[in-house]
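What follows is the residue order along each chain.
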Amino acid sequence: MTLTSILCPLDFSAATPGLVAYAAALAAATGAELLLLHVREPQDAAPPAGADRLAGLRLAAEQAGAPHVSTGTVQGEAAPEIVAEAGRRHADLIVIGAHGQTGLTRFLMGNTAEVVLRTAPCPTLLVRAPAA
């Protein structure tokens, strides 16, 4: 399998820097383009505050050796927007964080990574956050 485009959706949680480092290492090893994507919630009417965060994460990915890094922000429900962006960008791989929610929390809130895994147009790699 040849990787030319890797999509890495980000939620700016504590696990985000590690996820970016993992995705950047894959991009560096394969020469793939890395897209760092943040999905803003539909009810979030405030101006996007994530531009500075994305810029910092882009710099970290470049410093980790990723040859071409771009960033993007979309607004909507996370899982469908991630899947749609993977299709638009013809992503070969999605690298997404798995927060390890189980039981009632997962049932009530849903699990973005699980929905992406089931509906993505390409392989999806779940990266588990390190234990706190």
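Scroll up to find the structure.
Residues numbered from 1 in each chain as written. Predicted model: local features only at pLDDT ≥ 70, side-chain atom pairs only at ≥ 80, totals over all residues. Heavy atoms only, no water.

**Q** So what's going on with the sheet that holds strand E3 (residues 68–75)? Which residues, and what values?
**A** With parallel pairing, five strands are arranged side by side in an open sheet as E3-E2-E1-E4-E5. Here the strands that pair on one side only, and so sit at the sheet edges, are E3 and strand E5 (124–128). Going from strand to strand, the sheet's axes swing by 25° on average, the running direction of each strand aside. Here five bridges tie strand E4 (residues 93–98) to E5, and the two strands are oriented parallel to one another. Bridged to Ala 98 within E5 is Arg 128. Its contacts with the sheet put helix H3 (residues 78–88) on strand E1 (5–10), strand E2 (33–40), E3 and E4, and the angle it makes with E2 is roughly 150°. Against the sheet, helix H5 (residues 112–119) touches E4 and E5, its axis set at about 155° to E4. (Pairing = 2+ DSSP bridges. Helix = DSSP H or I, 4+ residues; strand = E, 2+ residues; numbered from the N terminus. Axes fitted to C-alpha atoms, helices over the stretch in contact; angles between N-to-C directions. Contact = heavy atoms within 4.5 Å.)

**Q** An account of the pattern of salt bridges is requested, with residue identities and associated values reported.
**A** Applying the stated criterion to the full structure yields four salt bridges. In this structure, the salt-bridge partner of Arg 58 is Glu 62, at a minimum N-O distance of 3.2 Å. With Arg 58 and Glu 62 both in helix H2 (residues 51–63), this residue pair falls four residues apart, about one helical turn. Classification of Glu 62 by relative accessible area gives partly exposed; the value is 37%. The shortest N-O distance in the salt bridge between Glu 114 and Arg 118 comes to 4.0 Å. (Salt bridge = Lys/Arg side-chain N within 4 Å of Asp/Glu carboxyl O. Buried < 20%, exposed > 50% of the residue type's maximum accessible area, 1.4 Å probe, protein only.)

**Q** I'd like a description of unusual backbone geometry, backed by residues and values.
**A** Positive phi, close to 60°, is recorded for Phe 12, a residue that is not glycine. Turning to its location among the elements, Phe 12 is positioned in the loop between E1 and helix H1 (16–30). With relative accessibility at 18%, the residue Phe 12 sits in the buried group. Backbone geometry at His 90 places phi at a positive 55°, although glycine is not the residue there.

**Q** Break down the nonpolar core for me, citing the residues and quoting the values.
**A** Counting 21 residues, the largest nonpolar core has Leu 10, Leu 34 and Leu 36 as its most contacted members. Contributions of two or more residues to this core are made by E1, H1, E2, H2 and E4. A total of five residues in this core trace back to one element, the largest contributor, which is H1. Setting aside residues no more than four positions away along its own chain, Leu 36 makes contact with Cys 8, Leu 10, Val 20, Leu 54, Leu 57, Arg 58, Val 69, Ser 70, Thr 71 and Gly 72. (Core = buried A, V, L, I, M, F, W, Y, C linked by side-chain atoms within 4.5 Å.)

**Q** How would you summarise the environment of Ala 23 if you had to cite specific residues and measurements?
**A** For Ala 23, the location among the structural elements is in helix H1. Once the C-alpha coordinates of Ala 23 and Val 95 are considered, the two residues, 72 residues apart in sequence, prove to be 6.3 Å apart. With residues near it in sequence (within four places) discarded, Ala 23 still touches Ile 6, Cys 8, Leu 34 and Val 95.

**Q** For H3, give the residues involved together with the corresponding values.
**A** Because each turn of an α-helix spans 3.6 residues, side chains separated by three or four positions in sequence point in the same direction. Residues Ala 78, Ala 79, Ile 82, Val 83, Glu 85 and Ala 86 constitute the buried set of H3. One side of H3 holds all its buried residues, which, seen down the axis, span an arc of 160°. Here the buried face of H3 lies against E1, E2, E3, E4 and H5. His 90 occupies a position one or two residues after H3 and carries a positive phi of about 55°. (Arc of directions from axis to C-beta.)

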